[in-house]
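Inside the fold
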Amino acid sequence: NDRVAFRGGIYGAQLGFDEEQSGIDYEFDVVWDSLAVGVDFHPLKSALRLSAGFLKNDNGLRAVAQPTSNETIGDTTYTPSQIGTLNGSVGFDDTAPFLGVGWDWSRDKRIFGMSFDIGVLDQGDPVVTLTGNGTLLGDPQFEQDINDEEAQLQSSLDGDVDVVPYMSLGFVFRF
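Residues numbered from 1 in each chain as written. Predicted model: local features only at pLDDT ≥ 70, side-chain atom pairs only at ≥ 80, totals over all residues. Heavy atoms only, no water.

**Observations regarding the overall build of the protein chain**
Tallying secondary structure elements over the protein chain gives two helices and 11 strands in all. Reading the protein chain from its N end, one meets helices and strands in the order β-β-β-β-β-β-α-β-β-β-β-α-β. A compact globule built from 175 residues would reach a C-alpha radius of gyration of about 16 Å, whereas the protein chain, at 21 Å, exceeds it by more than 25%. Along the longest, intermediate and shortest principal axes, the C-alpha atoms of the protein chain span 65 × 25 × 20 Å. (Helix = DSSP H or I, 4+ residues; strand = E, 2+ residues; numbered from the N terminus. Rg over C-alpha atoms; globule rule 2.2 N^0.38 Å.)

**So, helix H2 (residues 140-157)**
In a regular helix each residue adds 1.5 Å, so 18 residues correspond to 26 Å; H2 covers 26 Å between its end C-alpha atoms and thus fits that length. Buried within H2 we find Phe142, Asp145, Ile146, Glu149, Glu150, Leu153 and Leu157. In an axial view of H2, the angular spread of the buried residues amounts to 145 degrees, which keeps them on one side of the axis. Opposite the buried face of H2, by more than 90 degrees, sit the exposed residues Pro140 and Ser155. Trailing H2 by a residue or two, Gly159 shows a phi angle of about 85 degrees, which is positive. (Expected span 1.5 Å × (residues − 1). Buried < 20%, exposed > 50% of the residue type's maximum accessible area, 1.4 Å probe, protein only. Arc of directions from axis to C-beta.)

**Comments concerning the pairing of strand S8 (residues 95-104)**
Residues Ala96, Phe98, Gly100, Gly102 and Asp104 of S8 are buried on one face, while the alternating residues Thr95, Pro97, Leu99, Val101 and Trp103, pointing to the opposite face, are not. Bridging between strand S3 (residues 48-57) and S8 involves nine bridges; their strand directions are antiparallel. Following the sheet pairing, Leu48 is matched in S8 by Trp103. Note: S8 against strand S9 (residues 112-122), seven bridges, orientation antiparallel. (Pairing = 2+ DSSP bridges.)

Put into structure tokens, the structure is as follows:
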């Protein structure tokens, strides 16, 4: 109607960058992959809208490090062959609520239009996993050092990525 609308969305993008964490060089990929359902309220019966909804949240971060020299993990220094490839991931809650404000320029009953939204997304505390596949795979000391490294990464992310801003540009098709 003139004030309330329901909508769904599919979001997908990926951004890669290199970063050093705990002295180890990683190749990171930020992955935005989610499905959204929401309700929009148009207080002025215009393009302006207030939005609330939920994401099926598959957003995350992937990390890969392939050491070429000795690296310290935990409190122990390992050779590249002992470490192998370090694979890491950061995941979030499966469901994430969002709030936002936006504009829908198809409100005049056009079949096609555009929309723009900004807001915040609460995706929960990050969960970090880290594994190595080198010659020490399964070694208790190596596994403990990997767990210590994982905890350091977790600590560096806590409080930084649970509530994040979002922006979306969309194309509207009315049926």
